[in-house]
Amino acid sequence: MDPLNDVLKVSNLSTYAPILEAKGVTTRIVRKEAAGNGWKAFYESLGMKPGHAMRLRRAVLALPSASGESEADRKFVEGWRCRKFREEFNKHRKKGKELIIDAMNNGSVVAKGYCYFKGWGGLEIDRKEAVRWYRAAAEEGNTQAQINLGGCYLKGIGVDRDFEEAVKWHRKSAEFGNSDAQFILAHGLSVIIGKEEAMKWHRKSAELGNHFAMFNLGKRLEKGKGMEANHKEAVMWYLKSAEQGNSRAQNCLGGCYRKGIGVERDTKEAVKWYLLSAQQGNSKAQGNLANCYRDGVGVTQDLKEAVRWCRMSAVQGNPKSQKSLARYYSQGLGVGRDLDEAAKWFEKSLRSKAKIEAKKKKKIAHANTIGNMLEDEQQDAD
């Protein structure tokens, strides 16, 4: 059932309901126009006042990505996000699986495709069958199914690899205002679509409130990666993302306050954001918080507390924290001197560093492989 009338009622805009109904306007249409550059002209064509148009735009963009789809589909989206963005939702991956299976049992077509893909809910793994279900939902306008179908084409799973189809389905989803699709286009398909279009989708995703996109945009602005550095704007995006609970943004915001990047230096504020991030299990924030306790920055110096946070980070495989923990043991700082423990953590730090470097090389090789494939396809076309 289309929730547009409910949206209008909650927004105190029910007087527009008959007009929209007469014109055949649905939530999906309103959302698509809201996410585009010509949204003002669209709302004016409906006879809406500027203030009312802005209110409706905010309301429809605040709906779940798959607005206009079933409750089971929305449950699938929630579960998918728990699984897909594991850096932020690692503790909820089991919950994500449960939500997806429940969504399938309640009639979600895209969830059934995902369960065929994973072999969940009593189904055998069948990637071709997964694609069939994804396509059925995608062709009906399910924005989440469009993302998953695009992903299958990108990786050549269940179908022949086809970059054009991959981009096509992600774009369809993105154009309907799915901020996850916009972020994937910007972050995962930039090699294919080019930097200019990638940055356009990156900003759109961030402006729609996607905290992953907001964090990444902040990072680019802080480092001047792919755009001119703007530290004040970087802090703004970090803050927006951090307020939504993104632990990486919270850690970076803490770093900005500690170093005075884009904001006045405030070590107590830095510790506040480091702590929020560290409590979510972010190993970098745990290491940064340990350093604050070690040096007495923003907090009273406390070597035992420094070791406690450093150990939490080291156990997660952070090479810098592992090396620091080795130093604490070798010098007997905040912990009893133990050269064997020091040697153990130093060896761990070397192995962890090697793993991270190998992962970086693999990522670069993957990007180069896609680039080479695109060149080969272009040459074949010529």
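Further up the page is the structure itself.
Everything numeric here is computed off the predicted structure, so don't read it as measured data.

Caption draft 1: Quick look at helix 12 (residues 163–175). Here helix 12 is 13 residues long and its end C-alpha atoms lie 18 Å apart, about the 18 Å a rise of 1.5 Å per residue gives. Considered for burial, the residues of helix 12 that qualify are Phe163, Glu165, Ala166, Val167, Trp169, His170, Ser173 and Ala174. Looking one or two places after helix 12, you find Gly177, whose phi comes out positive at around 90°.

Caption draft 2: The pattern of salt bridges, seen in detail. Taken as a whole, this structure holds 13 salt bridges when the rule is applied. Put simply, Lys168 and Glu165 hold a salt bridge, and the shortest N to O gap is 3.3 Å. In this pair, Lys168 and Glu165 both sit in helix 12, three residues apart, roughly one turn of the helix. The class for Lys168 is partly exposed, based on a relative accessible area of 33%. Note that Glu341 and Lys344 form a salt bridge whose closest N and O atoms lie 3.3 Å from each other. In this pair, Glu341 and Lys344 both sit in helix 23 (residues 339–381), three residues apart, roughly one turn of the helix. A relative accessible area of 21% places Glu341 in the partly exposed class. Several salt bridges share partner residues, and in doing so they unite Arg258, Arg294 and Asp295 into one network.

Calculation notes
- Residues numbered from 1 in each chain as written.
- Predicted model: local features only at pLDDT ≥ 70, side-chain atom pairs only at ≥ 80, totals over all residues.
- Heavy atoms only, no water.
- Helix = DSSP H or I, 4+ residues; strand = E, 2+ residues; numbered from the N terminus.
- Expected span 1.5 Å × (residues − 1).
- Buried < 20%, exposed > 50% of the residue type's maximum accessible area, 1.4 Å probe, protein only.
- Salt bridge = Lys/Arg side-chain N within 4 Å of Asp/Glu carboxyl O.

Any link to function would need more than the numbers given here.
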